[in-house]
Amino acid sequence: MEETKILIKNARVLDAESKTDSILDLLVEGSTIKAIDKPGSFSTLSNLQIIDGTGQWLLPGLIDLHVHLREPGQEWKETIHSGSAAAISGGYTTICAMPNTKPVNDSLEITKYIKEKALQANLAKVVPIGAVSHNLEGKQMSSLSELYHAGCLAFSDDGQPIYDSGLMRRALEWCRMTDAVICCHEEDKCLSCSGAMNESAISYKLGLPGMSTIAEDVMVARDIELARFTGGRVHICHISSERGVELIRRAKNDGINITCEVTPHHLTLTEDCLKDYDTNYKMSPPLRSEKTRQALIAGIKDGTIDCIASDHAPHEFDSKNTSFPQASMGILGLQTSLPLMLEFCEQKIITPLQLVSLLATNPAKIFKMSQGQIKVGAPADLILLDPKKEWAFTRDNNFSKSFNSPFLNRKLKGECSVVLVDGQIKNVQKDK
C-alpha cells in the first residue's frame, strides 16, 4: 500500500533547533518529514494531498510535559480520549500523563492501560509518567525499571512532594542508568499548611489561609543538592517563586543536571485575580504576586526556565462550586496555552522561535523524545497555525469533560488549522 504524501506549501516554517524562520514547502511521506525546500520545489510531484499554508506558521507539534488525564479512576473529570482531543485542538501532538490516577500509575498494568487507551483514541501521543513511590505515599520506591521498559520516560509523585530524601536519592541514582528524569512537585506541606492561595497581604485581607513561597523554595534547594550529589536529572514542575528561579539559575551555572517548567497561568495571572473568590483561579502552586510573575517572565527570557507546561487539571463543577478553602486546585490548560503564549510573541516578550523552544523543542529534549523539531527524517508531528485567527474559548468548543478555566469566554488569538501526528491529519470530536 502506497504511503500517503502531504505537501504543505508556502508556510512560515519555524524550527528552534535549526533556527529556521523562512517561507518553505514541506513534504510528508508516511509518518516522517521527507523533504523541506523553497516554495515550488515539489511542483513536479503527483498524487499529493496539498495544504496551502500561506499566511500561517508551520511548527513542530507541541509537547506538554505535565497533564492530568484522570483515567483510570476519575473519568467524570476527564478521559484519555477527551484530554487527547483537547490536546489536538490546542496544538499538542504529545502529552505526558501524570501518575496520580486511581489506581496510581505505579505498575506495569496501569502503564499498559494508559497506552492502550491512547491508541484507541488515535489522537495525540500519550506518554505515561510513572510514580516514583508506590501509591504516591513516598515510602516504597516503585519498580522504576519495569515502568521505564513499559514506556514511562519520566517519574513523578506529582501532587505529592517526595519528603524522604533517601528515597529521592535512590530514585535519582537508579535513573542515572537510563538517563530518565524525575519531575518534582516542590512543596513542603508542613510549610504550606493546607493553604488556599499565596500568603500575602491579599490573603490576610481575604481571610484565606496562605501558602508561602518558602514551602516551594526549600524543596527546590534540596533537590538541587541531591541532583548535584547524585548526578541524576531533576525536572522542577510548575515553578512559581522568584527565589526558586534564582536557585535554578545558579544551579545551571554550576553545571547541575536540572530543568524546570512554568505554566501559562503563572505567567499571565496574579493573586489579584482572587479578590472575588472565584475558585477557577485556585491552583497549586498558587498564583503569586506581580513581582513574582515578572521574575518568571525573566526566567523564560534568559533560558533559566526551559519550557512551558499546561498542568492541565480538569475538575467537575461541584468540586469547584464550593467555599474557596474547600475547592479543588487546578485549571484546564491544553486549549489555551498556545494562544496565551502567542500574546507574549505579540507583545515581543519572546520571539516566535523562543515560543517553539518553550512549547516543543525543549520539552522533547528533557524527556529524550525524537519529536519537537522540523527536519528531514523527523516524525511528522506538525501544526499549521493561523497566529491572527481570533476566537473565544467557550463551553461549546471546549473538548475537556470539565470546564474549570478562568479563561472561559475570553477572546484569544491563534488557532490551529491542521494538526498532523505521525503524518496523519487529526480531526477532533467530543467524547461522549
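Placed above this text is the structure.
For the structure given in this document, a descriptive report is provided here.

### A short note on helix α10 (residues 290-301)
The end-to-end C-alpha distance of α10, which contains 12 residues, comes to 17 Å, matching closely the 16 Å that a straight helix rising 1.5 Å per residue would cover. Every buried residue belonging to α10 is among Thr292, Arg293, Ala295, Leu296, Ile297, Gly299 and Ile300, and all of these are buried. Remark: glycine 303 follows α10 within two positions and exhibits a positive phi of approximately 90 degrees.

### Focus: the packing of aromatic side chains
Scanning the entire structure with this criterion turns up 3 aromatic pairs. Note on phenylalanine 155 and tryptophan 174: the rings are 6.0 Å apart at their centroids and 85 degrees apart in plane angle, and the pair reads as edge-to-face. Taken together, the residues span a long stretch of sequence, with phenylalanine 155 in strand β9 (residues 154-156) and tryptophan 174 in helix α4 (residues 165-175) at a distance of 19 residues. With respect to burial, phenylalanine 155 and tryptophan 174 carry one shared label: buried. A ring pair is formed by tryptophan 391 and phenylalanine 393, whose centres lie 6.4 Å apart and whose planes are at 80 degrees; its orientation type is edge-to-face. According to the relative accessible area criterion, tryptophan 391 is buried, its value standing at 15%. Classification of phenylalanine 393 by relative accessible area gives buried; the value is 2%. An aromatic cluster is present here, built from Tyr148, Phe155 and Trp174 joined pairwise through their rings.

### Considerations on the sheet that holds strand β7 (residues 92-97)
Taken together, 8 strands build an open sheet; the order of strands is β6-β7-β8-β9-β10-β13-β14-β15 and the sheet is parallel. Of all the strands in the sheet, just β6 (62-67) and β15 (307-308) have a single pairing partner and so form its edges. Across 2 bridges, the pairing between strand β8 (residues 125-130) and β9 is parallel. The residue bridging glycine 130 from the neighbouring strand is phenylalanine 155, located in β9. Across the sheet, helix α13 (residues 352-366) is in contact with β6, β7, β10 (181-184), β13 (233-236), β14 (258-262) and β15; its angle to β6 comes to roughly 65 degrees.

### Brief notes about unusual backbone geometry
In this model, glutamate 71 is joined to proline 72 through a cis peptide bond whose omega is 10 degrees. Locating proline 72 in the fold gives a position in the loop between β6 and α1 (80-89). Here the bond from lysine 102 into proline 103 is cis, since omega is 5 degrees, no more than 30 degrees from zero. Here proline 103 is to be found in the loop between β7 and α2 (108-121). The phi dihedral of lysine 19 is positive, around 60 degrees, even though this residue is not glycine. Relative to the helices and strands, lysine 19 resides in the loop between β1 (5-15) and β2 (20-29). For lysine 19, a relative accessible area of 65% gives the class exposed. Of note, the phi angle at lysine 368 is positive, near 60 degrees, even though the residue is not glycine. Within the element layout of this structure, lysine 368 appears in the loop between α13 and β16 (382-392).

### Quick word on the environment of leucine 208
Counting through the fold element by element, leucine 208 comes out in the loop between α6 (201-206) and β12 (210-211). Residue class for leucine 208 comes out buried when judged on its relative accessible area of 9%. Through-space distance from the C-alpha of leucine 208 to that of asparagine 198 is 9.1 Å; in sequence the pair is 10 residues apart.

### Re the side chain of serine 405
On the secondary structure map, serine 405 appears in the loop between β16 and β17 (411-421). On the basis of relative accessibility, which here comes to 4%, the residue serine 405 falls in the buried class. Among the polar contacts listed, one links the side chain of serine 405 to the backbone nitrogen of phenylalanine 407, at a separation of 3.0 Å.

### Regarding the nonpolar core
Ranked by internal contacts, the top residues of the largest apolar core, which has 94 residues, are Ile95, Phe155, Ile182, Ile239, Leu267, Leu338 and Leu355. Sequence-distant contacts of leucine 338, defined by excluding residues within four places in its chain, comprise Leu62, Gly90, Leu355, Leu359, Ile383, Leu385 and Cys416. In this structure, Val13, Ile33, Leu58 and Ile374 belong to the second largest nonpolar core, which totals 17 residues.

### Looking at the side chain of threonine 361
Mapped onto the elements of the fold, threonine 361 is located in helix α13. Exposure remark for threonine 361: the relative accessible area of 5% places this residue in the buried category. Within polar-contact distance, the side chain of threonine 361 engages the backbone oxygen of glycine 372 at 3.2 Å. Leaving out residues up to four positions away in the same chain, threonine 361 has contacts with Ala16, Glu17, Val356 and Gly372.

### Let's talk about the packing of helix α7 (residues 214-230) against helix α8 (residues 242-253)
Packing of α7 against α8 brings their axes to within 9 Å, and their N-to-C directions diverge by 10 degrees. Viewed along their axes, α7 and α8 adopt a mutual orientation that is roughly parallel. Residues Asp217, Val220, Ala221 and Ile224 of α7 form the contact with α8, whose own contacting residues are Arg243, Gly244, Leu247, Ile248 and Ala251. Of the residues assigned to the contact of α7 with α8, the class counts are 6 nonpolar, 1 polar and 2 charged.

The rules behind these values
Residues numbered from 1 in each chain as written. Predicted model: local features only at pLDDT ≥ 70, side-chain atom pairs only at ≥ 80, totals over all residues. Heavy atoms only, no water. Helix = DSSP H or I, 4+ residues; strand = E, 2+ residues; numbered from the N terminus. Expected span 1.5 Å × (residues − 1). Buried < 20%, exposed > 50% of the residue type's maximum accessible area, 1.4 Å probe, protein only. Phe/Tyr/Trp six-rings, centres within 6.5 Å; stacked < 30°, edge-to-face > 60°. Pairing = 2+ DSSP bridges. Contact = heavy atoms within 4.5 Å. Axes fitted to C-alpha atoms, helices over the stretch in contact; angles between N-to-C directions. Polar contact = N/O pair within 3.5 Å; in protein donor to acceptor, adjacent residues only side chain to side chain. Core = buried A, V, L, I, M, F, W, Y, C linked by side-chain atoms within 4.5 Å. Parallel < 35°, antiparallel > 145°, perpendicular 65-115°, else oblique. Nonpolar A, V, L, I, M, F, W, Y, C, P; charged D, E, K, R; others polar.

So, to be careful, I would describe these as geometric facts and stop short of saying anything about function.
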